[in-house]
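Results of the structural survey
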Amino acid sequence: MDPIKEQLIKVIYNGEDFEDSSHLKLLYESFHKNSAQDNIDIDQIHKDNDEQTSCGQGLEQLDRILEMKRYFKWVSIPSGFHTRFQKCPIISTYLRELAFKQQFSTEQDETKSQQKALRGYNLAIAFAPPDSAEITLALEKRASLLLQLGYPELAQFDIHAVASNPAYPLKSMKSAQKLIDLQTRCSALVHSRSKKAQTIRRNVEARFVENNFYHIRSRNSRVENVSECCNIDYDPYCGRRIVVTRNVEPGEVLLVDEPYSIILERILNWDLEHCSNCSRPVISGVACDCCTFAWFCSTSCKIESTRGPHKYEKYLSYLKSSKIMSLKGILAARLLFKVGPEELYKIFTTKNESYFQPSNASGEEKGFSPNGVYTAKSYLPIFHLISHMNVDILKAKSNAFKALILTNLIDDTSQFFSRVKYNEDFLEFKDFIASLLLRHMEAIEYNAITLSQLVNNPSSNNNLQSSTLRYGGGVYPVLCLVNHSCDPNSVPVRSLKYLKTSVIAMKPLQPGDEVTFSYAPHFAHMETHERRKFLLDRYNFKCQCEACLSWWEPDTKTILVPESQCNACGRFLLSGQCPRCIQKDIDVRRVLPIFEGQVAKIEKLLQTGEYLLAFETIKPCLKFCYENLPHNFTLGLEFQELFKLILVKLVSLG
């Protein structure tokens, strides 16, 4: 085999990095030559600098683009960057053969061999040209493996795809009989399985999740995806935020949001375990007809994506090689692709005041339409997501440089710019697009929400043993407005079935309270100085939550029981009546053992899978702890951790 192709197959099969900096070197050299007279060192563009200054020395994104453009000259991309990872029957054949060897390998654990073989067949399908003989052979092999893995229904989909492909030699008696035998074995396994429906309990729990967690019963008339108990207001320190407008109990749904756009963390390393369009987990997916990187859970997702944003993503092969663009650049472009060039040109030419607001405009107005509605499906809320402005000057220049590269990549590889009828302002519109890419790249860094899924520990029978696996990120119009606290009062829970994220109250809330969840480890798991450093380094803000201001540490969790507490004002007492309220206080020592016993009860309910009963049991416990115990009291923290686990378990039923 050609040594170059052999290296590429190894990179593809193992999902490894690959770098070819030859084109970037030309861009750097050109920039260096043009900027030498102004003493701008391109070699420093990617290096961090501890000196903090205002982003781009106070320049707006378009001004920064125009400043950088004075030294920037685009160089056409060599064809090798486009063809290197394109569909290729030779690569597809070798991947299929590697997968077949892996499927029957005796060198490692059978499960691992099967998983590697499945990846190999999926890659062979991704690299096979549409309607080719190679794709039918890969689908046939995958169907056989899926049957072996216990997925006869998925295998039947592949068998149908093979039979429908004109390249498959159905007229050959041997080939036809092989397909018929495979179909017969699939049908036999499907019919042999128990056809018992889900238990009544599971059906009840699934309906409860659908009706309560991902459905807002009473909606806010001004803010889409938000309950009537919440609203958006503005704080000079933290900007726009979500606050409650009435008393809220633990377990109440505050908002239900869905991503405007998503990105898979390993899309450039061929993530074949999640859908590129909706992010659902995938066992055997559907390949894109145009590229090898996109992978879909269904034909409908494939059509939606390839007719939408993905049709402009012709540069993924280049980005795989160049290493110039982080995922935030790809996600920033997807935001614009979803809007579309025609609508963006309309915004550009009309100077829409909803977007081009003066710098002194009220923060409360941003994201709202002229009629005063915060429309979640609109681009307007996404446009007004902001970054934290203290960025070092070299990083600001680097971001502008990358935005120019991405803009020219889009122009070179897709029809994005050619879909617009211009009024002799093409270059100005192109600069505008570059400024939007820059704006979103810097906003995404601080506003993107992690996409993750629950992963059970296969070596444990304990239903409490599970973890979350991060696999991507998304930009949400409303969820991005929820700020951080190291002692949060709510928890976000994402459903892979409904593709929505629900924010659920974890503590009692009163009118005016801000809704918060945690971006970083909880105060109970990390020292204050470490938390603050993490948040400053990652999100560029100094945390001012109560836990940080009060220096709550993991070792300051307390199990000390106050003798008693006033039922009205919450003041802790030694005995008797509260001198402030002159009311009888709660005997915490007497009541506490009852709630300590609830911890064991809830853990048992989780272990036996009675999640809904656990949910109803824990809500009064959370309320009691919040109203009667210090916030760093160990019992209250235990209930919070159990509450989050209950929510994840309930949602996983969908």
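Here's a quick rundown of the structure. (Residues numbered from 1 in each chain as written. Predicted model: local features only at pLDDT ≥ 70, side-chain atom pairs only at ≥ 80, totals over all residues. Heavy atoms only, no water.)

So, the pairing of strand S2 (residues 239-244)
Just so we agree on the cut-off: Categorising residues by exposure relies on relative accessible area from a 1.4 Å probe, with only protein chains included: less than 20% of the type maximum marks a residue as buried, more than 50% marks it as exposed, and the intermediate range marks it as partly exposed. Counting from the N terminus, the helices are the DSSP runs of H or I reaching at least four residues and the strands are the DSSP runs of E reaching at least two. Each pair of strands is called paired provided DSSP finds at least two bridges between the two strands.
Within S2, six of the six residues are buried, which leaves the element mostly enclosed by the surrounding structure. Of the strand pairs in this sheet, strand S1 (residues 230-235) and S2 are connected by six bridges, and their pairing is antiparallel. Residue pairing in the sheet places Ile232 in a bridge with Ile242 of S2. Linking two consecutive strands that pair antiparallel, namely S1 and S2, is a turn of three residues.

Observations regarding the side chain of Ser284
Here is the rule we go by: We call two residues in contact whenever any of their non-hydrogen atoms come within 4.5 Å of each other.
Of note, Ser284 is situated in the loop between strand S4 (261-264) and strand S5 (286-287). For Ser284, the residues in contact, after removing those within four places along its chain, are Asn122, Arg142, Leu146 and Leu154.

Details of the packing of helix H13 (residues 327-339) against helix H16 (residues 393-413)
Worth spelling out the cut-off: Angles here are taken between N-to-C directions and fall from 0 to 180 degrees, while the axes themselves are lines fitted to C-alpha atoms, restricted in helices to the stretch in contact. Oblique is the label for every angle not falling under 35 degrees (roughly parallel), over 145 degrees (roughly antiparallel), or within 65 to 115 degrees (roughly perpendicular). Should the near helix be turned counterclockwise from the far one by less than a right angle, the crossing is left-handed, whereas a clockwise turn marks it as right-handed.
Axis separation between H13 and H16 bottoms out at 11 Å; the angle between their running directions is 55°. The orientation of H13 with respect to H16, classified from their angle, is oblique. Handedness of the H13/H16 crossing: right-handed. For the pair H13 and H16, contact is made by Lys328, Gly329, Ala333 and Phe337 and by Lys395, Asn399, Leu406 and Ile410, respectively.

Describing empty space enclosed by the protein
The criterion, for reference: The definitions used throughout rest on a 1 Å grid laid over the protein atoms alone, on which a cavity is an enclosed set of points accommodating a 1.4 Å probe that cannot get out and a pocket is an open set flanked by protein within 12 Å on both sides along at least five of seven lines; lining residues are those having an atom within 4 Å of a point. Grid points are joined across faces, edges and corners, and a volume is the space filled by probe spheres set on the points. Here the term charged refers only to Asp, Glu, Lys and Arg, the term nonpolar to Ala, Val, Leu, Ile, Met, Phe, Trp, Tyr, Cys and Pro, and the term polar to all other amino acids, Gly among them.
Counted under the stated rule, the structure contains three cavities of 30 Å³ or more. Lining the largest cavity, in full, are Asp487, Met506, Lys507, Leu622, Cys625, Tyr626, Pro630, His631, Gly636 and Gln640. Here the lining of the largest cavity gets three residues from one element, more than from any other, and that element is helix H21 (residues 611-628). Its residues placed into classes, the lining of the largest cavity shows five nonpolar, three polar and two charged.

What to know about the packing of aromatic side chains
How we decide: Only Phe, Tyr and Trp rings are paired, with Trp represented by its six-membered ring, and only when their centres lie within 6.5 Å; those with planes under 30 degrees apart are stacked, over 60 edge-to-face, the remainder tilted.
Taken as a whole and assessed by the stated rule, the structure comprises 43 aromatic pairs. Relative to Trp270, the ring of Phe127 lies with its centre 6.0 Å away and its plane at 45°, an arrangement referred to as tilted. With Phe127 in helix H6 (residues 110-127) and Trp270 in the loop between S4 and S5, this residue pair connects regions lying 143 residues apart in the sequence. Phe127 sits in the buried class, given a relative accessible area of 0%. The buried category is assigned to Trp270, whose relative accessible area is 1%. Note on Phe615 and Phe643: the rings are 6.1 Å apart at their centroids and 20° apart in plane angle, and the pair reads as stacked. Remark: Phe643 occurs in helix H22 (residues 634-652) and Phe615 occurs in helix H21; sequence separation between them is 28 residues. An aromatic cluster of three or more residues is present, and its members are Tyr312, Tyr315, Phe337, Tyr345, Phe348, Phe356, Phe416, Phe417, Tyr422, Phe426, Phe429 and Phe432.

Re the pattern of salt bridges
Where we set the bar: Salt bridges are identified by distance alone: a Lys or Arg side-chain nitrogen within 4 Å of an Asp or Glu carboxyl oxygen.
Counted by the stated rule, this structure contains 23 salt bridges. Of the charged contacts, one joins Asp431 and Lys69 as a salt bridge, the two residues approaching to 2.9 Å between their closest N and O atoms. Linking Asp431 in helix H17 (residues 426-447) with Lys69 in helix H3 (residues 61-69), this pair joins segments that are 362 residues apart in sequence. Owing to a relative accessible area of 32%, Lys69 belongs among the partly exposed residues under this scheme. Among the charged side chains, a network of salt bridges with common partners joins Glu228, Arg246 and Glu252.

Let's talk about the sheet that holds strand S10 (residues 490-495)
The strand order across the open sheet built from three strands is S3-S11-S10, with neighbouring strands paired in antiparallel fashion. Edge positions in the sheet fall to strand S3 (253-257) and S10, since each of these pairs with one other strand and no more. Pairs of neighbouring strands in the sheet enclose a mean axial angle of 20°, with direction left out of account.

Some details on the packing of helix H14 (residues 341-350) against H17
For the pair H14 and H17, interaxial distance at closest approach is 11 Å and the crossing angle is 100°. It follows that H14 is roughly perpendicular to H17 by the angle criterion. Along its contact with H14, which presents Pro341, Leu344, Tyr345, Ile347 and Phe348, the element H17 presents Glu428, Phe429, Phe432, Ile433 and Leu436. Of the residues that constitute the contact of H14 with H17, the class distribution is nine nonpolar, no polar and one charged.

Topic: the side chain of Arg96
Turning to its location among the elements, Arg96 is positioned in helix H5 (residues 89-103). Among all residues touching Arg96, those that are not within four sequence positions of it are Tyr121, Ala124, Glu134, Leu137, Ala138 and Lys141.

Some points on helix H2 (residues 22-35)
To keep things clear, this is the line we draw: The span one expects for a helix is its residue count, reduced by one, times 1.5 Å.
Taking 1.5 Å per residue, 14 residues should reach 20 Å; H2 reaches 20 Å between its end C-alpha atoms and fits that length. The inward-facing, buried residues of H2 contact H3, helix H4 (79-83), helix H12 (316-322) and H16.

Honestly, that's just the spatial picture; any functional story needs more than this.
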